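Each chain is listed here by its residues.
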Amino acid sequence: MKFYTLETLYLQTNNAFAIILFMDQSSYREWLILSKGILFSPHRFWKQLDVEKQSINQVLSSFLLPWLGLTSMIVFIGFMVVHPHIQYFEALKNTVVVFARLFFAVYAAAWIFDKLNAAFGCFIAFHQAFAMVAFTLPVLCVESILSIFFPETFFVKAVLLYSIVLFYMGCTTVFNFRRLKALGFALLLFLTLLGVALSISL
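Residues numbered from 1 in each chain as written. Predicted model: local features only at pLDDT ≥ 70, side-chain atom pairs only at ≥ 80, totals over all residues. Heavy atoms only, no water.

**Q** Kindly report on the packing of aromatic side chains, identifying the contributing residues and their values.
**A** Applying the stated criterion across every chain yields a total of 14 aromatic pairs. Between Tyr28 and Trp31 the ring centres are 5.8 Å apart and the planes differ by 40 degrees, which places this aromatic pair in the tilted class. Of this pair, Tyr28 and Trp31 both sit in helix H2 (residues 25-40), separated by three residues, roughly a single helical turn. Among the residues examined, Tyr28 registers a relative accessible area of 38% and is labelled partly exposed. On the basis of relative accessible area, Trp31 is assigned to the buried category, the value being 4%. On the basis of an interplanar angle of 75 degrees and a centroid distance of 5.6 Å, the ring pair of Phe113 and Phe185 is categorised as edge-to-face. In this pair, Phe113 is assigned in helix H5 (residues 88-119) and Phe185 in helix H10 (residues 179-199), connecting sequence segments 72 residues apart. Aromatic ring contacts, followed pair by pair, group Phe99, Phe103, Phe104, Tyr107, Phe126 and Phe130 into a single cluster. Above the ring of Phe177, the side-chain terminus of Lys181 is found at 4.5 Å from the ring centroid. (Phe/Tyr/Trp six-rings, centres within 6.5 Å; stacked < 30°, edge-to-face > 60°. Helix = DSSP H or I, 4+ residues; strand = E, 2+ residues; numbered from the N terminus. Buried < 20%, exposed > 50% of the residue type's maximum accessible area, 1.4 Å probe, protein only. Lys NZ or Arg CZ within 6 Å of the ring centre and 35° of its normal.)

Here it is in structure tokens:
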């Protein structure tokens, strides 16, 4: 298992910054189409997505890291605007924490999803489980951004519940799970994402 130091996380955050800033036009358009699909037309998105062809590196480069880069950038600017008294390094450190919360939450939820599938006799490859979780990340990203400007707001936290809907639709559409089983997986993945995010607190 790869060990992440604070220096490594800084480098990962900078890489995410660079990806969102220097994406070419076609990659940027593809990212926007994927993001719009999962957020506003999730049922159609899951029906059209071929998770078997979604490698981890492809999901990282074309979807996950751009979202992490955009979120980290807005969070960094938000810290500087909302808390003008804090120093640059402090704002950067808080940004790295947000990046780490999202990054590790995806891997943890994908790992649990993969192990649960194996336990229940559903042989789904890890890269498919990873894609399933990663494509729901925008909900957590939106919540992280809104939390900077509207801290301790119930509506902002309620946004996270939308990830349950995305998980549920993905499980029923992509993997043809029965409704009750899909709901159970969706709730468990949601709690995993939330648990990892909260465990790495600001």
